[in-house]
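# Descriptive structure summary
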Amino acid sequence: MNTMQTKYFDLRDTKRPVNEIESQIADAAAILRRGGLLGLPTETVYGLGANGLDSDAVRKIFEAKGRPQDNPLILHVSGAQWIPRYCVDVPPLAYELARRFWPGPLTMILKRAACVPDVTTAGLDTVGVRCPNHPVALAVIREAGVPVAAPSANISGRPSCTSAQDVLEDMDGRIDGIVDGGPCAVGVESTIVDMTCKPPRLLRPGGLSLEELEGVLGHVEVDKAVLAPVTAGERPRAPGMKYRHYAPKAPVTVVTGAPDRSAQEIRRRMRSSSGIICFEEFVSMFQGHKVQSLGPSGDKMTQAQRLFDALRAFDSDRTVTEIFAQCPDNRGIGLAINNRLKKAAGFHLVDADEATVIIGITGGTGAGKTSALRALEALGGKVLDCDQVYHEMLRDNRELCAAIGAQFGDVFAEDGSLDRKKLGEIVFADRDRLEMLNEITFRFIRPELQRRMRETPCLLYGIDAIRLIESGLATMCDRTVAITSPQELRVRRIVQRDQIDERYARLRVSAQRSDDYYRENCDLELSNTAESAEAFEETAREFFEKLILQIKEEKQHGREE
Ligand code: TXA
Ligand code: MG
């Protein structure tokens, strides 16, 4: 098949003499008019163009790409004045979109006119039209004087091409010419909106954001195929959305969630032969691996530009057996990046936020909570000490203080801060009042813990709360663990630790809830009969290691079902 001589037109530098540029454009356009195939730059990705009104020419596109016949092509035009030539029943809003966003990364699906051949639209009664924002593409289309049917220039199923080199890699010898207009500015394909239905429907997210579209159109329906796999037998409205696409040879897993967490989750899962696609900030975390950077986590424009490059780089690397990719959120052009990455992964996804494990730890004094928490920390966990959080909130959280003031009256010092001694005198003298105070604090502590978790994202948290059950915090946890220990051992530990006499230590133990209470109310019990704190910490570490694995497996399983 690769038998043609592919002519190369270098139009990267538009500052060259005008007559040189014009003659190159004329030669490239002549290929289209003759019914040949031409690789063409656009602002999104490179296209593989042919005269869209010439059935024989269009057929060659399908051949060269190995593209399924039922996948229609987009007609590229040089301005909105071409719309009525190829479309009928055009709604006024379509012209409004063209006015706002053309030339640009927007394809509109409209009713087709009779002059557009069946091969171009794969027999549909609609046709996609777009005016690309690339001076070279526009000049070639104008010069050719025909609408240019152009899919992305990659071999069907491969990542799209964002440079002329990419196009030659796939198409050298299969096409008549390639126009090199430099690297693509946008990097992902155009946004496709179906204007033949109400409300308009987003068929493919792309270089123009959904938010910008909705700014003109009001509510836009997002087609199901955008973020979920198309199942067997389903017919998506953009036929192309049903095909496996953009996929490198090795299987891809997309890891969503807060960037810190997704990076950690990838580290946890990767093997020595894993390739990584990650944000710039995390490259150093994957030393020794094949890594493709998407650019800074906060810069989606750069991520879009680099995306296909990254996928292509792995496609030609046979040493990599699996690929893990970080992924931005869905806002703006993030939706297009999500869609391409997830399609490349065949929708094999892991949500690092969901992969977060939260373990609640409770139990009486002297049972060994501190050692258990140290074990969690040794496993990379972050401990949230609710007692400490509570005291910090009494100092800093105005709403909490106001709520306490409303209930208990003047419990404030002269500088307006909460006077804990005053408050203590009120509540410790009266059980009901203590309950009231607890009710207030329980209401405030949960959102505070959630806020702290968001602020310092981590894959593993230990929530340390003596009132884990009563406070309702247990429901935040994947598992609650009661740390228990025989009474005599607890007394001995308290005497040693707090330098108090035995009688007083016994009093403290008996004033607390019994081990039975914790045992009954927690998911699991970790009993501490160890001789030393170090020995118990070791036991706890093994216990948590197994537990965390089990929880993660459950989560994984739940998602796949
Ligand atoms: O940015 C782009 O749009 C690039 C550059 C070259 O312009 N082109 C491009 O074309 O991405 P292609 O063929 O790779 O993707 C076109 C998508 C396919 O999913 C196809 O099924 C869908 O548009 N499509 C084309 N005509 C359609 C129609 N009449 N109705 C619904 N979907 C259509
Ligand atoms: Mg394509």
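Described in the following lines is the structure provided in the data block. (Residues numbered from 1 in each chain as written. Chains lettered and ligands numbered in written order. Predicted model: local features only at pLDDT ≥ 70, side-chain atom pairs only at ≥ 80, totals over all residues. Heavy atoms only, no water.)

### So, the site of ligand 1
To be explicit about the condition: Each residue is tested against the molecule or strand, and it is near if at least one of its non-hydrogen atoms lies within 4 Å. We call two N or O atoms a polar contact when they sit within 3.5 Å, provided that within protein one can donate a hydrogen and the other can accept it, with sequence-adjacent residues counted only if both atoms are side-chain atoms. Here the accessible surface of atoms and residues is derived via Shrake-Rupley with a 1.4 Å probe, and residues count as covered only by protein chains that are part of the display. Helix and strand definitions follow DSSP, with helices as H or I runs of at least four residues and strands as E runs of at least two, each counted in order from the N terminus. Gly counts as polar in this scheme, as do all residues outside two lists: the nonpolar Ala, Val, Leu, Ile, Met, Phe, Trp, Tyr, Cys and Pro, and the charged Asp, Glu, Lys and Arg.
What surrounds ligand 1 is a group of 28 residues, the closest being T44, N71, H76, S190 and G240. Between a nitrogen atom of ligand 1 and a side-chain N or O atom of T126, the distance comes to 3.0 Å. The contact in question runs from an oxygen atom of ligand 1 to an N or O atom on the side chain of R130, over 3.0 Å. Notes on ligand 1: free accessible area 680 Å², of which the protein chains cover 97%. For the shell around ligand 1, the secondary-structure elements that each account for two or more residues are strand 4 (74-76), strand 7 (126-130) and strand 11 (201-204). Among the residues forming the shell around ligand 1, the class breakdown is 14 nonpolar, 9 polar and 5 charged.

### A word on helix 4 (residues 92-101)
Formally: Here the term buried applies to any residue with accessible area under 20% of the maximum for its type, exposed to any over 50%, and partly exposed to those in between, with areas from a 1.4 Å probe on protein chains only. Think of it as the arc spanned by the lines of direction from the helix axis to the C-beta atoms. Contacts were defined at the residue level, with two residues in contact if any of their heavy atoms lie within 4.5 Å.
Three or more residues of helix 4 are buried, namely A94, L97, A98 and F101. Buried residues in helix 4, looked at end-on, bunch into an arc of 100°, giving them a common side. Within helix 4, the exposed residues directed more than 90 degrees away from the buried face are P92 and R99. Summarising the contacts, the buried residues of helix 4 are in contact with helix 3 (83-86), strand 6 (106-112), strand 10 (191-194) and helix 8 (210-217).

### A short note on the sheet that holds strand 17 (residues 349-351)
So the rule is basically this: In this description, strands pair whenever DSSP reports at least two bridges between them. For helices, the fitted line uses only the C-alpha atoms of the stretch in contact; every axis is such a line through C-alpha atoms, and the angle between N-to-C directions lies from 0 to 180 degrees.
The sheet built from 5 strands is open, its strands ordered 15-14-16-13-17 with parallel pairing. Of all the strands in the sheet, just strand 15 (290-293) and strand 17 have a single pairing partner and so form its edges. With strand direction ignored, the average angle separating the axes of adjacent strands in the sheet is 20°. Both strand 13 (residues 252-256) and strand 16 (residues 322-326) contribute to a ladder of 4 bridges, which runs parallel. Bridge pairing links T253 to F324 in strand 16. On the sheet, helix 9 (residues 259-269) packs against strand 13, strand 14 (274-278), strand 16 and strand 17 and is oriented at approximately 165° with respect to strand 16. Across the sheet, helix 11 (residues 334-344) lies against strand 13, strand 16 and strand 17, angled at about 140° from strand 13, the strand it touches most.

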